[in-house]
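Below are the chains, spelled out letter by letter.
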Amino acid sequence: MLASAWKLASETLNKFATSGITDANIKTKLMVDAGLRNQYLALWDIVNTLVDLSQNRFSILATTTRAQSFISSYGLLIYETHSSLRKVFQTKSYGRH
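Student: I'd like a rundown of the overall build of the protein chain, residues and numbers included.
Tutor: A tally of regular secondary structure across the protein chain gives four helices and zero strands. Counting every position in the protein chain, which comprises 97 residues, the buried fraction comes to 12%. Of the contacts made within the protein chain by residues no fewer than 6 positions apart, 55% connect residues no fewer than 24 positions apart. Here the protein chain has roughly 8,200 Å² of accessible surface; of this, 63% comes from carbon and sulfur atoms.

Here it is in structure tokens:
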């Protein structure tokens, strides 16, 4: 289902590109052409829904796999590194007067 929806989004974007829509003229064309505007808004909704579904699937995967302990350890390492760097910058002036 997700792959089909991404394919639909890709085909819509390709259709826009082959019809001469560019980053420079998209705003003007959307203001003038109601049909194009409807297609664009439908694409916008599809992509937002796909992103939400993908994020939900990833969050479920992250909470149900053994990789969670790795992710937690990695987060702790980042926190400890950040704390150490903060201490270094607090104790040295680095040319500040």
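Structure's up, so let's keep going.
Student: Got a sec to walk through the nonpolar core? Specific residues and values, please.
Tutor: Membership of the largest hydrophobic core is limited to seven residues, which are Ala9, Phe16, Ile21, Ile26, Leu30, Leu36 and Leu43. Every residue in contact with Ile21, bar those within four places of it in the chain, is listed here: Phe16, Ile26, Lys29 and Leu36.

Student: I'd like a description of helix H1 (residues 2-18), backed by residues and values.
Tutor: Given 3.6 residues per turn, any residue in an α-helix points the same way as the ones three and four places further on. Here H1 is 17 residues long and its end C-alpha atoms lie 24 Å apart, about the 24 Å a rise of 1.5 Å per residue gives. Those residues of H1 that fall on the buried side of the exposure criterion are Leu2, Ala9, Thr12 and Phe16. Burial along H1 is one-sided: seen end-on, the buried residues are contained in an arc of 90 degrees. Exposed side of H1, more than 90 degrees from the buried face: Ala3, Ser4, Lys7 and Thr18 are the residues found there. Just past H1, the residue Gly20 takes up positive phi, approximately 95 degrees.

Analysis parameters
- Residues numbered from 1 in each chain as written.
- Predicted model: local features only at pLDDT ≥ 70, side-chain atom pairs only at ≥ 80, totals over all residues.
- Heavy atoms only, no water.
- Helix = DSSP H or I, 4+ residues; strand = E, 2+ residues; numbered from the N terminus.
- Buried < 20%, exposed > 50% of the residue type's maximum accessible area, 1.4 Å probe, protein only.
- Contact = heavy atoms within 4.5 Å.
- Areas by Shrake-Rupley, 256 points an atom, 1.4 Å probe, with all protein chains shown as cover.
- Core = buried A, V, L, I, M, F, W, Y, C linked by side-chain atoms within 4.5 Å.
- Expected span 1.5 Å × (residues − 1).
- Arc of directions from axis to C-beta.

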